[in-house]
Amino acid sequence: APVGVKLSMVFRKLPGVSASGMGLRLSQKFVFLLFLSGLVTLCFGALFFLPDSVRLKRIFLSKTEVQAVTRPAQEDMALSRSKPESASEKATSADHHGASSDAFSFKKFQKCLLKATLGTDGGRPADPQTNERREKVKEMMKFAWDNYKRYAWGKNELRPLTKNGHIGNMFGGLRGASIIDSLDTLYIMGLMDEYNDAKEWVQTSLDLNSNGEASLFEVNIRYVGGLLSAYYLTGEELFKSKAVELGEKLLPAFSTPTGIPRGVINLGSGTSWSWGWASAGSSILAEFGTLHLEFVHLTELSNNPIYKEKVMNIRKLLNKIEKPHGLYPNFLSPVSGNWVQHHVSIGGLGDSFYEYLIKSYLMSDKKDEDAKKMYYTAMEAIEANLVQKSPGGLTYMAEWRGGILDHKMGHLACFSGGMIGIGADDGAPEKRQHYLDLAAEITHTCHESYTRSTTKLGPEAFRFDSGAEATATRLSDRYYILRPEVIESYMYMWRLTHDPKYRDWGWEAVEALEQHCRVESGFSGIRDVYTMTVSHDNMQQSFFLSETLKYLYLLFSDDDLLPFEDWVFNTEAHPLPIYRDS
Ligand code: DMJ
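Residues numbered from 1 in each chain as written. Predicted model: local features only at pLDDT ≥ 70, side-chain atom pairs only at ≥ 80, totals over all residues. Heavy atoms only, no water.

**Overview of the state of the cysteines**
Here is the rule: Count a disulfide wherever a pair of cysteine sulfur atoms falls within 2.5 Å. Note on conventions: DSSP H or I runs of at least 4 residues are helices, E runs of at least 2 residues are strands, and numbering of each starts at the N terminus.
One pass over the full model with this rule turns up 1 disulfide. Two residues share a disulfide in this structure: cysteine 414 and cysteine 446, whose sulfurs sit 2.1 Å from each other. Taking the sign of the S-S torsion, -90 degrees for the link of cysteine 414 and cysteine 446, the bridge is left-handed. In this pair, cysteine 414 is assigned in the loop between strand 14 (408-410) and helix 18 (416-424) and cysteine 446 in helix 19 (residues 432-451), connecting sequence segments 32 residues apart.

Following this line, the structure appears as structure tokens:
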């Protein structure tokens, strides 16, 4: 029966209220009032489902419920650098992730740092010319950021020629890659308005409940790495809880017979699979080997051992497995745990696995002996099999295909100058100078790949055969997409040697970027580094903001900005602290 009929039946039974006359009219009025109040409640409730921007909502709902996040003042930011977490902040994080965050104290962490993170004066160099160069890099960052904000806000990258945003399919529906990748760069450069805009976006718009196919590697190095760095630099609870929340979503990728994760994961369903192009359903060395730094920190922050267990399992398998000539091939089956193809490279597909071995050792405060041993043993094999000298005297890293050398070096492999440099000090005493020399030689070769081009920017890959010496011989290798690796090595070599040539080389790169990659609305990659009439690729990569510009800024800063005694950089240049027992 309709509600009204049911009610009049109830009233009929009430003493003093007859079924006719006054009694009936009263009950009708009551039903009408009840209906009216129900309607008002419904309308009011509907306000909650309106978008935040609708005015009615702001009028009727109290401010605290929909208030936009206000940016903290500059002084508050400075304070927040040393602010310990409040009890309620800790509780929120713990409730959300089911793991206690009691174990991690930001205040305690800060006490373990040996030096001030931003140095005495934000790393400002005393030399006026160097400072001018640093200011130029900061201006480039602001220009890249402003244009991203204007034309592509919330999208993954800026398309600077068409002045719109790019989403792509690498991040499984996650948005704002350029924002997450920029947080720490903006912060260390002191671009605080921009940093606060980025933080506000994370707070209000970073939606981790996406349902697309993501690259486990890319999400880890850019999003997890970017959020972790932002947390360790600022102490903002928001970044920590987002990092752990996202980390949790990556875990199903490890559900394979060996625990070696697959390359692609659906962040919503947790289903994972291998890249279609990877032979026989294999996983890629540089992908499953580039999780260690971030996952160890996820365990530190969440007090949940699972992250560290996952990467230690990968480590164990790689340590145990037989390696051809001591080398690590790029493809491994996540089902059998065997190598699938004998292709070895210090560039693409292999690169950051080696980087994470030495950095795991350094980040553990030099306690992770397994990582150390694996790194230096791998270096021996690399030197014995891949390091070559060209007829013109250039040292380079060749690629290895089942014993046959391909005399090609990718731009990506140019990070190895910096890697070998930072590893020099902990090598066997008789090899330390040798490693430093090797690092300098590789960095020199990569610089040559820049100077031998018309634009003074380096190609994607350069060769040392058929008369070529550090130049691209194929049309398809001639592009430059704002990659950081060569500049990254300049930065490390500068800090290790203070040879002024590295700053000069960095400045050459700044001038070339300004001349060929800067367009009206941002920075763009170019299709051919050997022609002065450049054709732009219309893409401002997020790693240009997180890596290329950050490394340039550090190159022109004093060493006390993000001191190496306390920080290591993940492969996307996000600084992570060395963890020490208090
Ligand atoms: C970055 O995303 C990282 O440096 C990664 O390790 C390799 N490729 C790009 C930059 O070239």
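**What about the sheet that holds strand 5 (residues 272-273)?**
We apply this condition: In this scheme, strands are said to pair when DSSP sees at least two bridges between them. When checking whether two residues touch, look at their non-hydrogen atoms; a contact exists if any pair is within 4.5 Å. Every axis corresponds to a line fitted to the C-alpha atoms, with the helix fit spanning only the stretch in contact, and the corresponding angles, defined between N-to-C directions, vary from 0 to 180 degrees.
Across the sheet, which stays open at both edges, the 3 strands sit in the order 3-4-5 with antiparallel pairing between neighbours. Lying at the two open borders of the sheet, with one neighbouring strand each, are strand 3 (213-215) and strand 5. Pairing analysis gives 2 bridges linking strand 4 (residues 264-266) to strand 5, with the strands arranged antiparallel. The partner of isoleucine 265 across the bridge, within strand 5, is serine 272. In the packing of helix 11 (residues 216-234) onto the sheet, contacts are made with strand 3 and strand 4, and the angle to strand 3 comes to roughly 65 degrees.

**As for the UniProt feature "active site" (unreviewed entry) in the chain**
Let me state the cut-off plainly: UniProt positions are given in the numbering used here, feature names are shortened, and annotations may be inferred rather than shown by experiment. Any residue under 20% of the maximum accessible area for its type is buried, any over 50% is exposed, and the rest in between are partly exposed; the area is computed with a 1.4 Å probe on protein chains only.
In the numbering used here, UniProt assigns the "active site" (unreviewed entry) feature to Glu218, Asp351, Glu460 and Glu485. Its place among the elements puts aspartate 351 in helix 16 (residues 351-363). Judged by its relative accessible area of 12%, aspartate 351 falls in the buried class. Filtering out sequence-adjacent residues up to four positions away, aspartate 351 remains in contact with Ala286, Ser345, Ile346, Leu412 and Phe415. Tracing the chain through its elements places glutamate 485 in helix 20 (residues 485-497). For glutamate 485, a relative accessible area of 8% gives the class buried.

**Looking at helix 21 (residues 501-517)**
To keep things clear, this is the line we draw: Multiply 1.5 Å by the residue count of a helix minus one, and that product is the helix's expected span.
The first and last C-alpha atoms of helix 21 sit 23 Å apart over 17 residues, in line with the 24 Å expected at 1.5 Å per residue. Taken residue by residue, helix 21 has Tyr502, Arg503, Trp505, Gly506, Trp507, Ala509, Val510, Ala512, Leu513, His516 and Cys517 as its buried positions. Those residues of helix 21 that are buried are in contact with helix 8 (128-152), helix 19, helix 20, strand 16 (518-519), strand 17 (522-523) and helix 22 (542-555).

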